[in-house]
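One-letter residues, chain by chain:
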Amino acid sequence: MAVRFKHPKQSLSLSSEYVNKFIKTQINLSKPTPKLWSDQHNAESFDPYNNNSVQILNLSHPILRILDFCTPKLRHFNQIHAQLIVSGIFQHPLAAGRAVKKLCSSQLTFAHAVKIFENLETPDAFICNTIMKSYVNFNEPEKALVFYHDQMVKNGIFQNNYTFPILVKACADLGMVKEGKKIHAHIVKCGFELDLYTRNVLIHMYSVCWRIGDARKVFDLSSDSDLVTWNTMIDGYVKNGEVSFARCVFDVMPERDVFSWNSMLSGYVGIGDMETANLLFMDMPLRDIVTWNCLLDGYAKVGNVVAARSLFEQMDYQDVVSWTTLMAVYVRQKDYGECLRLFDRLMQGRDIQPNEAILMSVLTACAHFGKLDLGKWIHSYISYSGRIKPDMLLSTALLTMYAKCGEMDLAKEVFIQMPEKSVVSWNSMIMGYGTHGHGEEALETFMEMKKSGVMPNDATFICVLSACTHSGMVLEGWWYFNVMTRVYRIEPKVEHYGCMVDLLGRAGLTRDSEDLIKNMPMDSGPALWGALLSACKTHSNMELGEIIAKRLIERDPEDIGSYVLLSNIYAAQERWDDVEKVRNMMVVKGIRKEAGSSLFQFANSNMWCFPENVSVHKRNILCSMLNEMGAQIKCQSER
């Protein structure tokens, strides 16, 4: 890659300041190069005012030895700093460099290192590189670039081959490809383009800035490449989605390590080619935990739970990433029971402590099963562990668990303690209030959400409309359905229409529900007609219910719900012949209603209860309990 510059034609004004800076630079260049050791290995005393003799200082100097072994605390350093000044050796490049390096080893003393630099008479490239590298390591890469321009370039401090890799890495961290190309131009100008370490960081910089073509040009500049060069090129191709090109480089590289194999494996996993990924995995001469987790993550992403679990059990050691990946895939597949069993197994081992992602998966499973005790235990674990800092996602999962378990007071406590609330957090609170019949609280929460400045989305209005449905708030439901389109410009989806149909149907407004479905701009689908059919049965609108049921049966002959509701409508009218006809239709078409089931929680275990596996004695007990509960509910509603 050849980079050329067009030098602007500018007339330099030879001001006194410019002349003094030029003279100072020439004085620095004219001095003999400092030596760390003399040929006779006898260190002369350093004279800061002797500009003609060779200044010799070695690392065995007592003060420098104390400096190397002292802790990076400002109080200790100040004492040594005073000794360096009194001894007259502080301005020596070796002593100044060791002092700055010691201060840069800690973020607490780094600012003092910059102040020390500002008081040096002749700082060199080593000291500047140390400070810039510390800026990058302390996640302040933009300050490294500013330091380079304001201190090194303006003060005439010449760069070396260690300077530019630091600057290129800073550009890579910031994603500043334009600034990176300017640094690349300086590299070419200074003759460091073929330096191996510099080439490696340039390839990395262009790769992370999505300029993989430029990265390949740097790669092809020289055949003098080490393993890092090849691995960086492969990793760049993979991260830019060019897996086939990465494989071409992988096949011709002279030697490979585990990083080379893992990069290619992650490439195939990223594009979902699990067959090739598995073949590559089998060919690997050496595997580490990253290898196993990469393939495990691939199976999890494609939803192959069986293969993921099999691979998990084959691992000699599972780290926290392995457990997190497998538990998350069970949650995505809605196999919440297996997620909880894995969590029990994890906690029994005690070798690995759960992280935020694992606890989120477990809280989701707890919300599904209503495991309030386990959810409270996780809340306590988060509070007292001191290791886990609940972020927005974890706090939202926690309040969602409380909301689905009906503990709205605890959900509100978690919600109030959240320093930052996302739209998902607000939606969970609204849905929690609405699901448990607290429609007024749900609408009040929506008003607070607007006051806080969080913009509601389409899911927010599903929660609001659902809250109105559960509380029978017809007028409010119509109002917010109108506000959604008129104020927030959110086009209603099928889910919004479904909430409105359910709301109107529960209120007995079946004709209005029918008109709403007919005027929908999109295909209504069987779900909405099914909701209206259920409302017709509830409010004894047999005529409309019969019409809708027959229409649904014609549209989806395999849906058993329509047959059952039509049969119930006929039964309510005592039209037993028609009931028998509907049931015969079900028999002829081979449609059979699955047996109902109930989930009971005893202590720390769950039990699914099916009619065919329940004894007569237990069935009588359950029926008696249900009758008693029904009587109590009826008495409460009549008060």
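Residues numbered from 1 in each chain as written. Predicted model: local features only at pLDDT ≥ 70, side-chain atom pairs only at ≥ 80, totals over all residues. Heavy atoms only, no water.

J.: Explanation requested: the state of the cysteines in the structure shown.
T.: What makes a disulfide is a covalent bond joining the sulfur atoms belonging to two cysteines. This model, assessed by the stated rule, comprises 0 disulfides. As a non-bridged cysteine, Cys 209 has Cys 171 as the owner of its nearest cysteine sulfur, 7.9 Å distant. (Disulfide = S-S within 2.5 Å.)

J.: Can you walk me through the packing of aromatic side chains in this structure?
T.: Scanning the model with the defined rule gives 18 aromatic pairs in all. Plain terms: the ring middles of Phe 117 and Phe 147 are 5.0 Å apart, the flat faces sit at 55° to each other, and that makes the pair tilted. One end of the pair, Phe 117, is in helix 5 (residues 110-118); the other, Phe 147, is in helix 7 (residues 141-153), and 30 residues separate them in sequence. Taken as a pair, Phe 117 and Phe 147 share a single burial class, namely buried. When the centroid spacing of 5.0 Å and the interplanar angle of 80° are considered together, the rings of Phe 312 and Trp 323 count as edge-to-face. Linking Phe 312 in helix 17 (residues 305-314) with Trp 323 in helix 18 (residues 320-332), this pair joins segments that are 11 residues apart in sequence. (Phe/Tyr/Trp six-rings, centres within 6.5 Å; stacked < 30°, edge-to-face > 60°. Helix = DSSP H or I, 4+ residues; strand = E, 2+ residues; numbered from the N terminus. Buried < 20%, exposed > 50% of the residue type's maximum accessible area, 1.4 Å probe, protein only.)

J.: In this structure, what is going on with helix 12 (residues 227-239)? I would like to understand it.
T.: An α-helical turn contains 3.6 residues, so any two residues separated by three or four positions project in the same direction. Compared with the 18 Å implied by 1.5 Å per residue over 13 residues, the 18 Å span of helix 12 between its first and last C-alpha is a close match. Most of helix 12 sits out of view: 10 of its 13 residues are buried. Residues Thr 229, Trp 230, Asn 231, Thr 232, Met 233, Ile 234, Asp 235, Gly 236, Tyr 237 and Val 238 constitute the buried set of helix 12. Summarising the contacts, the buried residues of helix 12 are in contact with helix 10 (196-208), helix 11 (212-219), helix 13 (243-252) and helix 14 (258-270). Gly 241 sits one or two positions beyond helix 12 and adopts a positive phi of about 80°. (Expected span 1.5 Å × (residues − 1). Contact = heavy atoms within 4.5 Å.)

J.: Is there a simple way to think about the nonpolar core in this case?
T.: Across soluble globular proteins, nonpolar side chains show a tendency to be buried alongside one another. Grouped together as the largest cluster of nonpolar side chains are 161 residues, with contacts concentrated most on Ile 131 and Met 401. Once you skip the residues sitting within four places of it in the chain, Met 401 turns out to touch Leu 363, Cys 366, Ala 367, Leu 372, Gly 375 and Lys 376. Counting residues in each nonpolar core, the second largest holds 6 residues, with Tyr 563, Leu 566, Tyr 570 and Val 582 among its members. (Core = buried A, V, L, I, M, F, W, Y, C linked by side-chain atoms within 4.5 Å.)

J.: How should the UniProt feature "repeat: PPR" (unreviewed entry) in the protein be read in this particular structure?
T.: Cross-referencing UniProt, the feature "repeat: PPR" (unreviewed entry) maps to residues 124-159, 160-194, 226-260, 288-322 and 422-456 in the present numbering. Overall, residues 422-456 shows 77% helix and 0% strand. The separation of its end C-alpha atoms is 10 Å. (UniProt positions renumbered as here; feature names shortened; annotations may be inferred.)

J.: Where do I start with the pattern of salt bridges in this structure?
T.: It is possible for side chains of opposite charge to pair when their charged atoms get near one another. Scanning the model with the defined rule gives 13 salt bridges in all. For Lys 154, the salt bridge is made with Asp 150, and the minimal N-O distance between the two is 3.7 Å. The class of Asp 150 is partly exposed, set by a relative accessible area of 35%. (Salt bridge = Lys/Arg side-chain N within 4 Å of Asp/Glu carboxyl O.)

J.: Would you mind going over helix 19 (residues 336-349) with me for this structure?
T.: An ideal rise of 1.5 Å per residue puts 20 Å on 14 residues; helix 19 measures up with 20 Å between its terminal C-alpha atoms. Close packing links the buried residues of helix 19 with helix 17, helix 18, helix 20 (356-369) and helix 21 (372-385). Immediately downstream of helix 19, the backbone of Arg 350 shows phi near 65°, a positive value.

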